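# Architecture and fold: a report
The primary structure of each chain is shown beneath.
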Amino acid sequence: MSTPHSSSTSSAPHRASPPQIPESLTLAATASSGSPSSSSASGMRDAAEDDSDSPPSQMSEDDPGGGGGGGGGGDRWEPDLRGGNGGTGRWAPPDQVLENVLESVLEFLTAARDRNAASLVCRSWYRAEAQTRRELFIGNCYAVSPRRAVERFGGLRSVVLKGKPRFADFSLVPYGWGAYVSPWVAALGPAYPRLERICLKRMTVSDDDLDLVAKSFPLFRELSLVCCDGFSTAGLATIAGRCRHLCVLDLIEDYVEDEEDELVDWISRFPESNTSLESLVFDCVSVPFNFEALEALVARSPALRRLRVNHHVSVEQLRRLMARAPQLTHFGTGAFRSEAAPGGGLSVTELATSFAASRSLICLSGFRDVNPEYLPAIYPVCAKLTSLNFSFASLTAEELKPVIRNCINLRTFWVLDTVGDEGLRAVADTCSDLRELRVFPLDASEDSEGSVSDVGLQAISEGCPKLESILYFCQRMTNAAVIAMSKNCPDLVVFRLCIMGRHRPDRITGEPMDDGFGAIVMNCKKLTRLSVSGLLTDKAFAYIGKYGKLIKTLSVAFAGNSDMSLQYIFEGCTKLQKLEVRDSPFSDKGLLSGMNYFYNMRFLWMNSCRLTTRGCKDVAQQMQNLVVEVIKDHSDDEGEAEIVDKLYLYRSLAGPRNDAPPFVTLL
Amino acid sequence: MEIDADNLSATELRLGLPGTSSSSDGVTRKPSPSVGAKRALDDTRSETSGTSPAAGADDDHDAAAAPATKAQVVGWPPVRAYRKNTFQAAAAAAKRKAEQQGGLYVKVSMDGAPYLRKVDLRMYKGYRELREALDALFTNSVSAAAAAEGGGDHQHALAYEDKDGDLMLVGDVPWDMFISSCKKLRIMKGSEAR
């Protein structure tokens, strides 16, 4: 599935086991080398990035050049190791033995937030941390230069990079904007020959880049590309052929460029001996592939647990794959239809036998062109399923009900709105343990009929009290249903409601949707991600600012009356990191109200609002460590337009980038 | 402060008659862009790719394109291009396949013709094919009429009777919607149609 879990793989970290701490050495010992000097704080605060899409690691963005010199004041973190020396304010040269000890200890720190804190203690700790950090997470590839990252960290094994802003998924970022991985691969190659893992999201990756990855890292194990573009089956062939230790090849919602006549049989390029493959996800590679080669590959990959094939796989072929890999835990089922003429082909019973033999299956997806007659074949595994993705299967409520009735342990469910409110009620009746629900629209247009509504939402809220994450597309909604969900599902962390018709009010009362979203921020105390829609006034944002203290990601579209909305957000949402706004009546005044907060955020995106070049320039001039990009719709030379169509601003240590295309102006 | 929607809706192309607004929209000053018209997945939509101004050169990426009948906003609703693309193609094809299994025969009457015909609406992909097929079927009656005609359509109007029994002009609504609501076809003489 386009991963209900994080975009990075959930496989165990591949690092050498940390060295054992000798018995005699305890943390409370006299591990003091004089007082730590404080590294100067830059204007930017660390931002913890518990992005639900990525592992909880981050890159500390404080300025490493700031020497502490004198002054023990300003210590931000009091380490327990100091052994009572107290901050006397004297800078002492680092103790080499201590550094080795420190490195051994810091090996145990995995969470980036902890690492960032540790790195701020003093230079010694900074260095030790930099040498022992194994995974680097960079939420915005333009926030720091590759050279700088490479200079700081000595022993990276894993790199996670994110590129384009999320609205690029909706065609709002013109083609050729940037986020090329090439400079990163070029820098990482020589610096980290032991690199094992690369995860990229929304970046442009060429076949040459993949080639360089394959050549640069002989121990390479994991490649995960999410929403990327720029590569083809030729690049995949290189990875398959050269990375002999490959464990994970996850291609999720990428745009793989292939001409039908230039296809490369990349599946055949995997090593001919037993492979180390644990996860092979390629449902987004939409071109046909060599099935026999896949079957053989699966047969010689004893560690394979996750396999997601594209829609060129029939149920007959599925059966053959399952026979080769009965140990699968995650299975993407392709088309789920027979290639034979109606009447012939595999029987449902035979397919069910195959599923029954796959005792470890906990996650099913695919069903790209599903023939509902085959659905009963999955009944044997339904009770064990924790994750089911029907979001590419156009099923009616009647077709869904017999299946979902068996899925008593389901935690993640993705579905199309074709199942209607009735289908959702069936889900609510059975799946009391549900944590994540996504309801996608079959017909993603503003004036489609829409088959789910407030009724379905209400039902879900009543049946699934443990819900943590919801994405719900609909045409009709009421405040009452949203309020009900806010009360019934207090554990919500992610609430994304998309009422597809713009500016649509409460279907029954005709009121704006302010109260509904207000209740969500008020009652769901753990909320970190919110997407709003429907008719919304400034009042909604007043609520969000007042109660949304943990919100990190906020998406706003066609909402608000005035710049007060932005002000409420900036002043109220103290943990805000990512704000994306479109088509809302916010002007320069609103933008400027965020000035004091931009350094605390990863980025701000605004398109089709009422910003002017002048306002954006004001921001750019006042904030030196901010990159302010104004993006035009067309490349034509209109000179400097007054109204800004798209604004993308982000904090950065790297300064304005040098790979910007002509339609991007860096202020 | 004015909400953008006022300006947007004034310039929008909509399927319904001007001045109509969605009944579900309680706010009268802002007619919703929707008039409740069903947007069926038809072939024309998947063909019109890359017409959106915002996506630049890469047509294949752009799934939020403006369909032939109505100006949609780019990137709204926020559904990833991957999903829109892969799903539209497959679903439209599958729907077509499923629909073709069942026939949808309706009577066709032509004014002045001695007997009626029956056609299977599922055999045709669109209005043009339907008209051509009807021309072929009724060619005798047509040529029996006035000699000077450039094509069957000029002298004759094609109408249908819908679920409610009303006589409607063929061609107003999307093809899929037409199929689901058409009960009878009627080829009317031009003079009557006016």
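Since we're looking at a predicted model, the values are computed, not measured. (Residues numbered from 1 in each chain as written. Chains lettered and ligands numbered in written order. Predicted model: local features only at pLDDT ≥ 70, side-chain atom pairs only at ≥ 80, totals over all residues. Heavy atoms only, no water.)

Right, let's get into helix H14 (residues 454–463) of chain A. Residues and elements named next belong to chain A. Across the 10 residues of H14, 7 count as buried, placing the element largely inside the fold. The complete set of buried residues in H14 reads Asp-454, Gly-456, Leu-457, Ala-459, Ile-460, Ser-461 and Gly-463. Its buried side turned inward, H14 meets helix H13 (420–430), strand S12 (436–440), strand S13 (469–474) and helix H15 (479–488). (Buried < 20%, exposed > 50% of the residue type's maximum accessible area, 1.4 Å probe, protein only. Helix = DSSP H or I, 4+ residues; strand = E, 2+ residues; numbered from the N terminus. Contact = heavy atoms within 4.5 Å.)

All names here are of chain A. Where like charges cluster on the molecular surface, the negative patch consists of Glu-257, Glu-259, Asp-261 and Glu-262. Along the polypeptide, Glu-257 turns up in the loop between strand S5 (248–252) and strand S6 (279–281). Classification of Glu-257 by relative accessible area gives partly exposed; the value is 32%. (Patch = residues over 30% accessible without salt bridge, like charges linked within 9 Å, V, L, I, M, F, W, Y side chains within 5 Å. Areas by Shrake-Rupley, 256 points an atom, 1.4 Å probe, with all protein chains shown as cover. Salt bridge = Lys/Arg side-chain N within 4 Å of Asp/Glu carboxyl O. Lys, Arg positive; Asp, Glu negative; His and termini not counted. Charge placed at Lys NZ, Arg CZ, Asp CG, Glu CD.)

Next up on the list: the state of the cysteines. Residue and element names in this part refer to chain A. Applying the stated rule across the entire model yields 0 disulfides over all chains. In this structure Cys-243 is a free cysteine whose sulfur lies 11 Å from that of Cys-247, the closest cysteine sulfur available. What makes Cys-243 buried here is its relative accessible area of 2%. Considering cysteine sulfurs only, Cys-474 is the nearest to Cys-498, which forms no disulfide, with 7.5 Å between them. Relative accessible area serves as the criterion here: at 5%, Cys-498 is assigned to the buried category. (Disulfide = S-S within 2.5 Å.)

Take the packing of aromatic side chains next. Residues and elements named next belong to chain A. Tallied over the entire structure, the rule returns 26 aromatic pairs over all chains. Taken together, a centroid distance of 5.9 Å and an interplanar angle of 55° make the contact between Trp-605 and Tyr-648 tilted. Taken as a pair, Trp-605 in strand S18 (residues 603–607) and Tyr-648 in strand S20 (residues 646–651) lie far apart in primary sequence, 43 residues in all. The pair formed by Trp-605 and Tyr-648 is uniform in burial state, with each residue classed as buried. What links up through ring pairs into an aromatic cluster is the set Tyr-142, Phe-167, Phe-170, Trp-177, Phe-603, Trp-605, Tyr-648 and Tyr-650. Looking at Arg-368, its charged tip hangs above the ring of Phe-392, at a distance of 3.8 Å from the centre. The lysine or arginine in question, Arg-657, covers the ring of Tyr-142, its NZ or CZ lying 4.5 Å from the ring centre. (Phe/Tyr/Trp six-rings, centres within 6.5 Å; stacked < 30°, edge-to-face > 60°. Lys NZ or Arg CZ within 6 Å of the ring centre and 35° of its normal.)

Residues and elements named next belong to chain A. In total, this model carries 34 salt bridges over all chains according to the counting rule given. Across the pair Lys-164 and Asp-229 runs a salt bridge whose closest N-O atoms are separated by 3.6 Å. Of the two residues, Lys-164 is situated in the loop between strand S2 (158–162) and helix H5 (182–191) and Asp-229 in the loop between strand S4 (222–226) and helix H7 (233–242); the sequence distance between them amounts to 65 residues. Both residues of the pair, Lys-164 and Asp-229, belong to the buried class.

What follows deals with helix H12 (residues 397–404) of chain A. At 3.6 residues per turn, the α-helix brings residues three or four places apart onto the same side. Taken together, the buried positions of H12 of chain A are Ala-397, Leu-400, Lys-401, Val-403 and Ile-404 of chain A. Contacts from the buried residues of H12 of chain A go to helix H11 (379–382), strand S10 (387–390), strand S11 (412–416) and H13 of chain A.

Residues and elements named next belong to chain B. Pairing within the open sheet is mixed, and its 5 strands lie in the order S2-S1-S5-S3-S4. In the strand order of this sheet, the two ends are held by strand S2 (117–120) and strand S4 (167–169), each with one partner. When strand polarity is set aside, the average angle formed by the axes of neighbouring strands in this sheet is 35°. Summarising the sheet, strand S3 (residues 156–162) and S4 pair through 3 bridges and their orientation is antiparallel. When the bridges of S4 are listed, Glu-161 appears paired with Leu-167. (Pairing = 2+ DSSP bridges. Axes fitted to C-alpha atoms, helices over the stretch in contact; angles between N-to-C directions.)

Any two packed helices are characterised by how steeply their axes cross, that is the angle between the axes, and by the distance between the axes. Residues and elements named next belong to chain A. Two numbers describe how helix H9 (residues 315–324) lies on helix H10 (residues 348–357): the axes approach to 10 Å, and their chain directions differ by 30°. Between H9 and H10, the crossing angle belongs to the class labelled roughly parallel. Judged by the sense of rotation from one axis to the other, the crossing of H9 with H10 is left-handed. Listed contacts from H10 to Val-315, Arg-319 and Met-322 of H9 are Glu-350, Leu-351, Ser-354 and Phe-355. Taken together, the residues that form the contact of H9 with H10 break down as 4 nonpolar, 1 polar and 2 charged. (Parallel < 35°, antiparallel > 145°, perpendicular 65-115°, else oblique. Left-handed = near helix turned anticlockwise from the far one by under 90°. Nonpolar A, V, L, I, M, F, W, Y, C, P; charged D, E, K, R; others polar.)

All names here are of chain A. Per the domain assignment, the segments of chain A are domain 1 (98–132) and domain 2 (135–580). Relative placement of domain 1 and domain 2: their C-alpha centres are 34 Å apart. Opposite the 5 residues of domain 1 that make contact, domain 2 presents 4 residues. In total, about 410 Å² of surface goes out of reach between domain 1 and domain 2, with carbon and sulfur atoms giving 37% of it. (Domains from an automatic or database assignment. Buried area = accessible area lost by both parts, 1.4 Å probe.)

Looking now at the pairing of S13 of chain A. All names here are of chain A. The element S13 is extensively covered by neighbouring structure, given that 6 of its 6 residues are classed as buried. Going residue by residue along S13, you find Ser-469, Leu-471 and Phe-473 tucked away on one face and Ile-470, Tyr-472 and Cys-474 tucked away on the opposite face as well. Alignment of S12 against S13, held across 4 bridges, turns out to be parallel. Residue Glu-436 lies in a different strand from S13, and its bridge partner there is Ser-469. On the question of chirality, the crossover connecting S12 to the parallel S13 by way of H14 is right-handed. Sheet topology note: the S13/strand S14 (residues 494–499) ladder contains 6 bridges and is parallel. Directly across from Cys-474, in S14, lies its bridge partner Ile-499. Handedness of the crossover is the feature at issue here: the chain leaves S13, passes through H15, returns alongside S14, and the resulting connection is right-handed. (Right-handed = clockwise from strand over helix to strand, strands pointing away.)

To continue, consider the environment of Ile-378 of chain A. As for its position among the elements, Ile-378 of chain A is in the loop between strand S9 (363–365) and H11. When sequence neighbours within four positions are dropped, the list of residues in contact with Ile-378 of chain A reads Phe-336, Phe-355, Leu-364, Phe-367, Phe-390 and Val-403 of chain A.

A few words now on the environment of Phe-603 of chain A. Relative to the elements of secondary structure, Phe-603 of chain A occurs in strand S18. Residues in contact with Phe-603 of chain A, not counting those within four places in the same chain, are Gln-577, Lys-578, Leu-579, Glu-580, Tyr-648, Leu-649 and Tyr-650 of chain A.

Residues and elements named next belong to chain B. Overall, the prediction assigns chain B a mean pLDDT of 64, with 44% of residues at 70 or greater. Within chain B, no element has a lower average pLDDT than helix H2 (residues 43–47), which sits at 37, and none a higher one than S4, at 89. Taken as a whole, residues 1–6 scores under 50 in pLDDT and shows 18 contacts with residues more than four places along the chain or in a different chain. Predicted confidence for residues 146–153 stays below pLDDT 50, and this span has 6 contacts to residues more than four positions away or in other chains. Note on the complex model: pTM 0.72, ipTM 0.78. (pLDDT = per-residue confidence, 0-100.)

This part is about the confidence of the model for chain A. Of the residues in chain A, 84% have a pLDDT of 70 or more, and the chain-wide mean is 86. Throughout residues 1–89 of chain A the model reports pLDDT below 50, and contacts reaching past four residues in sequence, or to other chains, amount to 190 contacts.

The next subject is the environment of Leu-210 of chain A. Residue and element names in this part refer to chain A. With respect to the helices and strands, the residue Leu-210 is situated in helix H6 (residues 207–216). Put simply, Leu-210 and Val-181 are 29 residues apart on the chain and 9.8 Å apart in space, counted from C-alpha to C-alpha. Every residue in contact with Leu-210, bar those within four places of it in the chain, is listed here: Val-205, Leu-223, Phe-231, Gly-235, Leu-236 and Ile-239.

What follows covers the pairing of strand S8 (residues 330–333) of chain A. Residue and element names in this part refer to chain A. Neither face of S8 is open: one carries His-330 and Gly-332, the other Phe-331 and Thr-333, and all of them are buried. As judged from the 4 bridges shared by strand S7 (residues 306–309) and S8, these two strands associate in the parallel manner. Its bridge partner being in S8, Leu-307 is matched across the sheet by Phe-331. Of the crossover connections in this fold, the one passing from S7 over H9 to the parallel S8 is right-handed. Viewed along the sheet, the connection from S8 through H10 into S9 turns out right-handed.

Moving on: the packing of helix H1 (residues 96–106) of chain A against helix H3 (residues 123–132) of chain A. Residue and element names in this part refer to chain A. Across the interface, H1 lies against H3 with an axial gap of 9 Å and an inter-helix angle of 50°. When the axis of H1 is compared with that of H3, the two are oblique. Between H1 and H3 the crossing geometry is right-handed. Here Glu-99, Leu-102, Glu-103 and Leu-106 of H1 come into contact with H3, specifically with Ser-124, Trp-125, Arg-127, Ala-128, Glu-129, Gln-131 and Thr-132. Taken together, the residues that form the contact of H1 with H3 break down as 4 nonpolar, 3 polar and 4 charged.

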